[in-house]
Amino acid sequence: MRNILSLTLILIAIAIKAQNYSTICQKGIEHIKNNDYAKAAKCFNEAVTKSSNNHEKIYALANLAYSYQMQNDLPKALKEYDKALEIVPNELTLLQQRANIYLQLDSIGPALDDYNTLLKHEPSNTGALLCRAHIHTNTGEFDKAWKDYNQLQIWLPDNLSVRLGIAMLYQKEKRYDESMMVLSAMIEENPGIAELYIARSNLEREQGHNELAMLDLEKAIEIDPNNANNYILQGIIYEKMGKKDAARKCREKAITLGAESKTIGF
């Protein structure tokens, strides 16, 4: 009788633990749906401790990492993705999320390693291929970047991100006319996208055409007036034009919109 009672209590304890894990995860998912990522992180932190197997632990870690990621706490997100990938090293979704975080943190080497691993297992992963092309562009490995972009053009011939990446690659190679042709064509086709005007403004500024760069930036601000980075770029151009007071006002506007003063380099 005592043995039966002990076994019953063990089974009840297991059932309660499983129920607790499931309930906590459900609450965490609801918080994610409601964009309350701080509460979601708290739930999934607890869920990790309640997990009874690797499958449960990976699920909790992945959602915990995502919750940190959405709070822009990238180091914490990276730490949780690392823990999950220690259990399942080649889980491609987790690998891509970690690679994206490495890229945002400017950890180029680890990001490239993850993207290469992804593409080894999934050669047609266009998101990973686009990010790898971006890395090769910015590290000066232009031949590798072109190889990736040429493949992307076959798979995604009209994709704006691919075309913008090609324009940036032309710019890095100082093939300014070709970069300008790509950007101007994109703007003509998509006049309501602020990022395209910013890209063309950056190209013009690099060539010393500050007045043209300012016109494009003003158009970007007209489209997206609450983006602090637009005012930072505008202030940089004003500095180059010798308009110190106007640059100061741009800096103040950027800070008002949430930019940190220490990140404004003019």
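Worth saying up front: this structure is predicted, and the values here are computed from it rather than measured.

Participant: Please explain helix H7 (residues 126-138) as it appears in this structure.
Facilitator: Structural remark: α-helix, 3.6 residues per turn; residues separated by three or four positions point the same way. Its 13 residues place the ends of H7 18 Å apart at the C-alpha level, agreeing with the 18 Å of an ideal helix rising 1.5 Å per residue. Restricting attention to buried positions, one finds in H7 the residues Ala128, Leu129, Cys131, Arg132, Ala133, Ile135, His136 and Thr137. Structurally, H7 contributes buried residues whose contacts are with helix H5 (92-104), helix H6 (108-121), helix H8 (142-155) and helix H9 (160-172). Among the residues of H7, the N-terminal cap falls to Asn125, whose side-chain oxygen and the backbone nitrogen of Gly127 are separated by 3.2 Å. Among the residues trailing H7, Gly140 stands out with phi positive, at a value near 80°.

Participant: Quick question: what am I supposed to make of the packing of helix H11 (residues 194-206) against helix H13 (residues 228-240) here?
Facilitator: Two quantities define a packed helix pair, namely the angle between the helix axes and the distance between the axes. Interaxial distance between H11 and H13 falls to 12 Å at its minimum, and their mutual angle equals 20°. Between H11 and H13, the angle is such that the two are roughly parallel. Here the hand of the crossing between H11 and H13 comes out left-handed. Contacts from Ile198, Ser201, Asn202 and Arg205 of H11 reach H13 at Asn230, Leu233, Ile236, Ile237 and Lys240.

Participant: Would you mind showing me how to read the nonpolar core here?
Facilitator: Buried together is how nonpolar side chains tend to be arranged in soluble globular proteins. One finds Ala47, Tyr115 and Tyr149 to be the most contacted residues of the largest nonpolar core, which totals 68 residues. Looking at which element gives the most residues to this core, the answer is helix H2 (residues 37-50), with seven residues. If sequence neighbours within four positions are ignored, Tyr115 has contacts with Ala99, Asn100, Leu103, Ala128, Cys131, Arg132 and Ile135. Core analysis: the next-biggest nonpolar cluster, separate from the first, contains six residues, Ile221, Ile232, Ala254 and Ala259 among them.

Cut-off values and rules
- Numbering of residues begins from 1 in every chain and follows the order in which that chain's sequence is written.
- A pLDDT threshold of at least 70 governs which residues receive local features in this predicted model, and a stricter bar of 80 or more applies before side-chain atom pairs are shown or counted, although totals over entire chains, interfaces and linings include all residues.
- Excluding hydrogens and water, the side-chain values take into account all heavy atoms of the structure.
- Every helix listed is a DSSP run of H or I at least four residues long, and every strand listed is a run of E at least two residues long, numbered separately from the N terminus.
- Here the expected span of a helix is defined as 1.5 Å times the quantity of residues minus one.
- Residue burial is assigned from relative accessible area. The probe radius is 1.4 Å, only protein chains are included, and a residue is buried under 20% of its type maximum, exposed over 50%, and partly exposed in between.
- Throughout, a contact is declared for two residues whenever any of their heavy atoms are within 4.5 Å.
- N or O atoms closer than or at 3.5 Å make up a polar contact, with two conditions inside protein: a donor-capable atom paired with an acceptor-capable one, and, for residues adjacent in sequence, both atoms drawn from side chains.
- What counts as an axis is a line fitted to C-alpha atoms, over the stretch in contact for a helix, and the angles between N-to-C directions run from 0 to 180 degrees.
- Roughly parallel refers to an angle under 35 degrees, roughly antiparallel to one over 145, roughly perpendicular to one between 65 and 115, and oblique to any angle outside these ranges.
- Should the near helix be turned anticlockwise from the far one by less than a right angle, the crossing is left-handed, and should it be turned clockwise, the crossing is right-handed.
- We call a set of buried Ala, Val, Leu, Ile, Met, Phe, Trp, Tyr and Cys residues a nonpolar core when their side-chain atoms join them within 4.5 Å.

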